[in-house]
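The lines below spell out each chain.
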Amino acid sequence: MRKIAGAAVLTAVEMRAAEAGAFDRGDDAVAMMQRAGHACAAAVGRLSAGAEVLVLCGPGNNGGDGYVIAASLAAAGQPVRVAALGAPNTDTAVQARTGWHRPVEALGEAFPAPVLVDALFGIGISCPLDDTVVAALSRLGEAARLTIAVDLPSGVDSDSGARLGCPAPVDLTLALGALKPAHLLQPAAALCGTVRLLDIGVDASATAQVIGPPTLPEPGPQSHKFNRGMVAVVRGRMAGAAELCATAAMHAGAGYVALLGASMPGAPHALVRRRLDDEALADRRIAALVVGPGLGRDDDMRALVERALASEHALVIDGDALHLVTPEQLRTRGGQIILTPHAGEFEALFGRSDGSKLDRARAAANASGATVVFKGPDTVIAAPDGRTRLAPAANNWLSTAGSGDVLAGAIASCLAAGLDPLAAAAAGVWLHGEAARRCGAAFIADDLARALTQARAALT
Ligand SMILES: NC(=O)C1=CN([C@@H]2O[C@H](COP(=O)(O)OP(=O)(O)OC[C@H]3O[C@@H](n4cnc5c(N)ncnc54)[C@H](OP(=O)(O)O)[C@@H]3O)[C@@H](O)[C@H]2O)[C@H](O)CC1
Ligand SMILES: [K+]
């Protein structure tokens, strides 16, 4: 079992193509299922510590994995039972079923066990769970002290993370071969518990990956405040948000941060205050310019956004500024642009659509030519070239005022350090999540900004 940082994320179609590629190279489905089942059984055996295991087997290959798991546990002397939802209906699953030589209980009548393994459905679920299946999963899950899902908790859409019926939460999800978007997208991600990846010999390279600890440049003897990366933050109607953003950029590692516009007392002494004029905006030392936090949406602020777009700086466009631009305008402007919308700002800028958060972020990046950080309890980062990064669920206490201002500052700091927009956005999201983890509970955005120093130090 390995942690998911940096792991590839494949849709169901991509996963099946990767498996087909393995078969074309001489692998076969039975051997792959044996590897998958034995890898799961090793994890289940360790975690169950001799307690009885009940494996729920569905009709497809997820169920086939379940039969291999049960047979492997039985061969190791582990107490194990199987309950099934119908007979296996794929050749591979039928083959796996022959390896289980003990009785198979009907799902609806199965007795509970301390450890429950959900091998009912994986990436092939095609419609909402039947109420009888929901009832059985709920009854058996509540009676178990440990619940483990094979590949995915049954009842989630692998590509979008949507619920299909009323899926039950599990303690651990064993992702097979690659992660799927549902392991990272809500509401499915919240049902998966801890996610661990098991290698089943499939070459799972993909354009989508989970973010991990970034590699950021370290200051050296030749460093000075400007070549470490200068960030400028445009102050709008509400100075506090801009100052929070600027403070975050400093704690995330920027060598020089300027607040363009009048500031309030109480901002860190290290923050450079400058008048917001054409000379300041034209400063060629600026490596990243942030516009949006606390901006306001009146015509004067719209004109200010126009001035920022007219500069040649790398831009982070956040908050109110996202209501004052259009995708076409951004695509025409070109250059390095990172957008950081939450759901409401995303819809205002790119409109509504029914696709998955992954698809919507990719379409937005394509339409705007910008790197889009589609924020939320599940953050998706999409670059215009199709590369995508997904963030594991972060601390729920991030749902606090100013959290987005801090993220914009962290991203700007990484952009100013010289990372390309996708890497800078992913690094900023990682620092933001790591700072929140270190803050623990009930923190405010000011604490979060300061904690970026410890998060950044963790990378040295
Ligand atoms: N080589 C491989 O494919 C490997 C797959 N692995 C594991 O297999 C699953 C994917 O298996 P698949 O058979 O494609 O799909 P599922 O097992 O998830 O389920 C599909 C079957 O379930 C039926 N179904 C779908 N939705 C429902 C529902 N709501 N209620 C009842 N039955 C449902 C479906 O019937 P259809 O009529 O829709 O076809 C199928 O019979 C993958 O997740 C891995 O766990 C191995 O790990 C690696 C090799
Ligand atoms: K499952």
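- The protein chain appears in an unreviewed UniProt entry as Bifunctional NAD(P)H-hydrate repair enzyme from Sphingomonas palmae.
- Its UniProt record gives the protein chain a comment under Subunit (unreviewed entry), which states: "Homotetramer."

## Topic: the pairing of strand S10 (residues 256-260)
Okay, step 1: With five of five residues buried, S10 lies mostly within the body of the structure.
Okay, step 2: Of the two faces of S10, both are covered, the one formed by Tyr256, Ala258 and Leu260 as well as the one formed by Val257 and Leu259.
Okay, step 3: Since strand S9 (residues 230-234) and S10 lie parallel, the crossover through helix H7 (residues 239-251) that links them has a hand, and here it is right-handed.
Okay, step 4: Sheet analysis places S10 next to strand S11 (residues 272-274), joined by three bridges and oriented parallel. Paired with Leu259 across the bridge in S11 is Arg273.

## Examining the environment of Gly418
Okay, step 1: By the element assignment, Gly418 lies in the loop between helix H13 (403-416) and helix H14 (421-439).
Okay, step 2: Judged by its relative accessible area of 62%, Gly418 is exposed.
Okay, step 3: With 202 residues separating them along the chain, Gly418 and Leu216 place their C-alpha atoms 8.9 Å apart.

## Comments concerning the coordination of the potassium ion (ligand 2)
Under ideal tetrahedral coordination, the four donors around a metal are separated by 109.5 degrees; under ideal octahedral coordination, the six donors are separated by 90 or 180 degrees.
Okay, step 1: The protein atoms donating to the potassium ion (ligand 2) are Asn62 (OD1), Asp118 (O), Phe121 (O), Val150 (O) and Leu152 (O), with metal-donor distances spanning 2.6 to 2.9 Å.
Okay, step 2: Spacing between the donor residues of the potassium ion (ligand 2) along their common chain follows N-x55-D-x2-F-x28-V-x1-L. Separated by 29 residues along the polypeptide, Phe121 in the loop between strand S4 (115-119) and helix H5 (131-143) and Val150 in strand S5 (residues 146-150) bring together distant segments of the chain. One exposure class covers both Phe121 and Val150, and it is buried.

## Here we look at the side chain of Thr340
Okay, step 1: Mapped onto the elements of the fold, Thr340 is located in the loop between strand S14 (337-339) and helix H11 (343-350).
Okay, step 2: The exposure class of Thr340 is buried, given its relative accessible area of 1%.
Okay, step 3: Among the polar contacts made by the side chain of Thr340, one reaches the side chain of Asp318 at a distance of 2.6 Å.

## A closer look at the environment of Ala458
Okay, step 1: Checked against the element boundaries, Ala458 lands in the segment after helix H15 (445-457).
Okay, step 2: C-alpha separation for the pair Ala458 and Ala29, spaced 429 residues apart in sequence, amounts to 42 Å.

## Topic: the site of ligand 1
Okay, step 1: Taken together, 22 residues surround ligand 1, and among them Arg16, Asn89, Gly122, Cys127 and Asp151 come closest.
Okay, step 2: In the model, an oxygen atom of ligand 1 is placed 2.7 Å from a nitrogen or oxygen of the Asn62 side chain.
Okay, step 3: The side chain of Asn89 places a nitrogen or oxygen atom 2.7 Å from an oxygen atom of ligand 1.
Okay, step 4: Computed on the free molecule, ligand 1 has an accessible area of 930 Å², of which 77% lies beneath the protein chains in the complex.
Okay, step 5: When each cavity is represented as a set of grid points, ligand 1 is found to reside in the second largest pocket.
Okay, step 6: Elements represented by at least two residues in the shell around ligand 1 include exactly helix H1 (12-24), helix H2 (29-48) and helix H3 (61-75).
Okay, step 7: Residues that form the shell around ligand 1 fall into these classes: 11 nonpolar, seven polar and four charged.

## As for the packing of aromatic side chains
In this description, a pair of aromatic rings is defined by centroid distance and the angle of the planes.
Okay, step 1: Applying the stated criterion across every chain, the model contains three aromatic pairs.
Okay, step 2: Between Phe346 and Phe374, the aromatic rings sit 3.9 Å apart at their centres with planes inclined by 0°, giving stacked as the arrangement. Taken together, the residues span a long stretch of sequence, with Phe346 in helix H11 and Phe374 in strand S15 (residues 371-374) at a distance of 28 residues.
Okay, step 3: Classification of Phe346 by relative accessible area gives buried; the value is 2%.

## Some details on the packing of H13 against H15
Okay, step 1: Where H13 contacts H15, the axes come no closer than 9 Å and their chain directions differ by 20°. Classed by the angle they form, the pair H13 and H15 counts as roughly parallel. Between H13 and H15 lies a crossing whose hand is right-handed. Contacts between H13 and H15 pair Ser403, Val406 and Ala410 from the former with Ala445, Leu448, Ala449 and Leu452 from the latter.
Okay, step 2: Each residue belonging to the contact of H13 with H15 can be placed in one class, and the counts come to six nonpolar, one polar and no charged.

## Quick word on the sheet that holds strand S3 (residues 104-106)
Okay, step 1: Spatially, the seven strands line up as an open sheet ordered S3-S2-S1-S4-S5-S6-S7, and their pairing is parallel. Both edges of this open sheet fall to S3 and strand S7 (194-198), since each of them pairs with a single strand only. Looking at each pair of strands side by side, their axes are set apart by 25° on average, direction ignored.
Okay, step 2: Across four bridges, S4 lies against S5 in parallel orientation. Looking at S5, one finds that Leu116 is bridged to Thr147.
Okay, step 3: Packed onto the sheet, H2 meets strand S1 (53-57), S4, S5, strand S6 (172-176) and S7 and runs at close to 160° relative to S6.

## Here's the deal with the sheet that holds S11
Okay, step 1: Here we have 10 strands laid out as an open sheet, ordered S8-S17-S16-S15-S14-S13-S12-S9-S10-S11, and mixed in their pairing. If you trace the sheet from one side to the other, it starts and ends with strand S8 (208-210) and S11, each paired once. When the angles between neighbouring strand axes are averaged without regard to direction, this sheet yields 20°.
Okay, step 2: The pairing of S9 with strand S12 (residues 286-291) spans four bridges and is classified as parallel. Pairing of Val231 across the sheet is with Ala288, part of S12.
Okay, step 3: This element, H14, spans S14, S15, strand S16 (380-382) and strand S17 (388-390) of the sheet and lies at about 20° to S15.

About the cut-offs
Residues numbered from 1 in each chain as written. Chains lettered and ligands numbered in written order. Predicted model: local features only at pLDDT ≥ 70, side-chain atom pairs only at ≥ 80, totals over all residues. Heavy atoms only, no water. UniProt positions renumbered as here; feature names shortened; annotations may be inferred. Buried < 20%, exposed > 50% of the residue type's maximum accessible area, 1.4 Å probe, protein only. Helix = DSSP H or I, 4+ residues; strand = E, 2+ residues; numbered from the N terminus. Right-handed = clockwise from strand over helix to strand, strands pointing away. Pairing = 2+ DSSP bridges. Donors = N, O, S within 2.8 Å, 3.2 Å for Na, K, Ca; no water. Polar contact = N/O pair within 3.5 Å; in protein donor to acceptor, adjacent residues only side chain to side chain. Near = heavy atom within 4 Å. Areas by Shrake-Rupley, 256 points an atom, 1.4 Å probe, with all protein chains shown as cover. 1 Å grid on protein atoms, 1.4 Å probe; cavity = no way out; pocket = protein on both sides within 12 Å on 5 of 7 lines; lining within 4 Å. Sits in = over half its atoms within 2 Å of the grid points. Nonpolar A, V, L, I, M, F, W, Y, C, P; charged D, E, K, R; others polar. Phe/Tyr/Trp six-rings, centres within 6.5 Å; stacked < 30°, edge-to-face > 60°. Axes fitted to C-alpha atoms, helices over the stretch in contact; angles between N-to-C directions. Parallel < 35°, antiparallel > 145°, perpendicular 65-115°, else oblique. Left-handed = near helix turned anticlockwise from the far one by under 90°. Contact = heavy atoms within 4.5 Å.

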